[in-house]
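Residues per chain, in single letters:
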Amino acid sequence: MHLYLYEHQSTYNPNMPLRDLLYVVNEYQKLDPELELKVTVLNINSGNNKELMESCRTLREYMQYVNCVRYYTDERGMNLSEAVEYAVNECIEKGIMADFLQKMLAKYKSREN
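Residues numbered from 1 in each chain as written. Predicted model: local features only at pLDDT ≥ 70, side-chain atom pairs only at ≥ 80, totals over all residues. Heavy atoms only, no water.

Engineer: Mind showing me how you'd approach the overall build of the chain here?
Structural biologist: Across its full length, the chain holds five helices and zero strands. Going residue by residue from the N terminus, the α and β elements of the chain occur as α-α-α-α-α. In terms of principal-axis extent, the alpha carbons of the chain reach across some 50 × 40 × 25 Å. Relative to its 113 residues, the chain shows a buried fraction of 20%. Sequence-distant contacts in the chain: of pairs separated by 6 or more residues, those separated by 24 or more amount to 27%. In the structure as shown, the chain presents an accessible area of about 9,100 Å², 50% of it carried by carbon and sulfur atoms. The positive charge centre, built from 13 side chains, and the negative charge centre, built from 17, are 4 Å apart in the chain. (Helix = DSSP H or I, 4+ residues; strand = E, 2+ residues; numbered from the N terminus. Buried < 20%, exposed > 50% of the residue type's maximum accessible area, 1.4 Å probe, protein only. Contact = heavy atoms within 4.5 Å. Areas by Shrake-Rupley, 256 points an atom, 1.4 Å probe, with all protein chains shown as cover. Lys, Arg positive; Asp, Glu negative; His and termini not counted. Charge placed at Lys NZ, Arg CZ, Asp CG, Glu CD.)

Engineer: Would you take a moment to explain the packing of aromatic side chains for this structure?
Structural biologist: The geometry of two aromatic rings is summed up by the distance between their centres and the angle between their planes. For the coordinates displayed, the defined rule picks out three aromatic pairs. A ring pair is formed by tyrosine 62 and tyrosine 65, whose centres lie 6.3 Å apart and whose planes are at 40°; its orientation type is tilted. Of this pair, tyrosine 62 and tyrosine 65 are both found in helix α3 (residues 57–75), three residues apart, which corresponds to roughly one turn of the helix. Using a relative accessible area of 23% as the deciding quantity, one classes tyrosine 62 as partly exposed. Measuring from centroid to centroid gives 5.1 Å for tyrosine 71 and tyrosine 72, while their planes differ by 70°, and the two rings are edge-to-face. Taking the relative accessible area as the measure of exposure, tyrosine 71 reaches 34% and is therefore partly exposed. An aromatic cluster of at least three residues, connected via ring pairs, comprises Tyr71, Tyr72 and Tyr86. (Phe/Tyr/Trp six-rings, centres within 6.5 Å; stacked < 30°, edge-to-face > 60°.)

Engineer: It is not clear to me how helix α1 (residues 16–28) should be interpreted in this structure. Could you clarify?
Structural biologist: Owing to its 3.6 residues per turn, the α-helix brings residues three or four apart onto one side. An ideal rise of 1.5 Å per residue puts 18 Å on 13 residues; α1 measures up with 18 Å between its terminal C-alpha atoms. Taken together, the buried positions of α1 are Met16, Asp20, Val24 and Tyr28. All buried residues of α1 project into a common sector of 100° when viewed along the axis, lining one side. (Expected span 1.5 Å × (residues − 1). Arc of directions from axis to C-beta.)

Engineer: I'm lost on the packing of helix α4 (residues 80–94) against helix α5 (residues 98–112) in this one. Help?
Structural biologist: Packed helix pairs are specified by the crossing angle of their axes together with the interaxial distance, meaning the distance between the axes. Remark: α4 packs on α5, axes separated minimally by 8 Å, with the N-to-C direction vectors making an angle of 135°. As judged from the angle between their axes, α4 and α5 are oblique. Classified by chirality, the crossing of α5 by α4 is left-handed. Between α4 and α5, the contacting residues are Val88, Asn89, Cys91 and Ile92 on the first element and Ala98, Leu101, Gln102 and Leu105 on the second. (Axes fitted to C-alpha atoms, helices over the stretch in contact; angles between N-to-C directions. Parallel < 35°, antiparallel > 145°, perpendicular 65-115°, else oblique. Left-handed = near helix turned anticlockwise from the far one by under 90°.)

Engineer: For this particular structure, what's the right way to read the side chain of aspartate 20?
Structural biologist: Residue position: aspartate 20 is located in helix α1. Of the side chains bearing the opposite charge, arginine 19 lies closest to the buried aspartate 20, which forms no salt bridge; the N-O distance is 8.7 Å. When residues no more than four places from it in sequence are discounted, the contact partners of aspartate 20 are Leu5, Leu37 and Val39. (Salt bridge = Lys/Arg side-chain N within 4 Å of Asp/Glu carboxyl O.)

These results come straight from atomic positions and should not be treated as a statement about function.
Printed below as a string of structure tokens:
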């Protein structure tokens with residue numbers, strides 16, 4: 001029996017193994033077995049894990065989105081919410097995570113109304 005859980009964050013977070021453990025514990029509480037936890041952290045920031053990024057479109061496009069947000073915050077001096085808005089629009093225009101971002105944008109806009 002195997003259970004695979006994945007979480008991704010755009011910046012290094014030393015709490016990820018703890019968060020993963022909490023997710024696993026939550027699932028395993030239903031089964032009550034012994035537990036061994038191994039965590040592998042992969043850096044997918046630009047220039048890292050090139051083979052993985054080439055083989056996984058979702059991760060590659062997510063990193064492109066994160067880079068876009070970073071560009072607007074770091075290079076253009078925007079606050080985070082403004083940078084996210086610009087990055088979402090730019091990524092949709094370029095076809096980067098376009099379907100996902102359009103769905104999330106529609107949900108967000110429906111909550112505003």
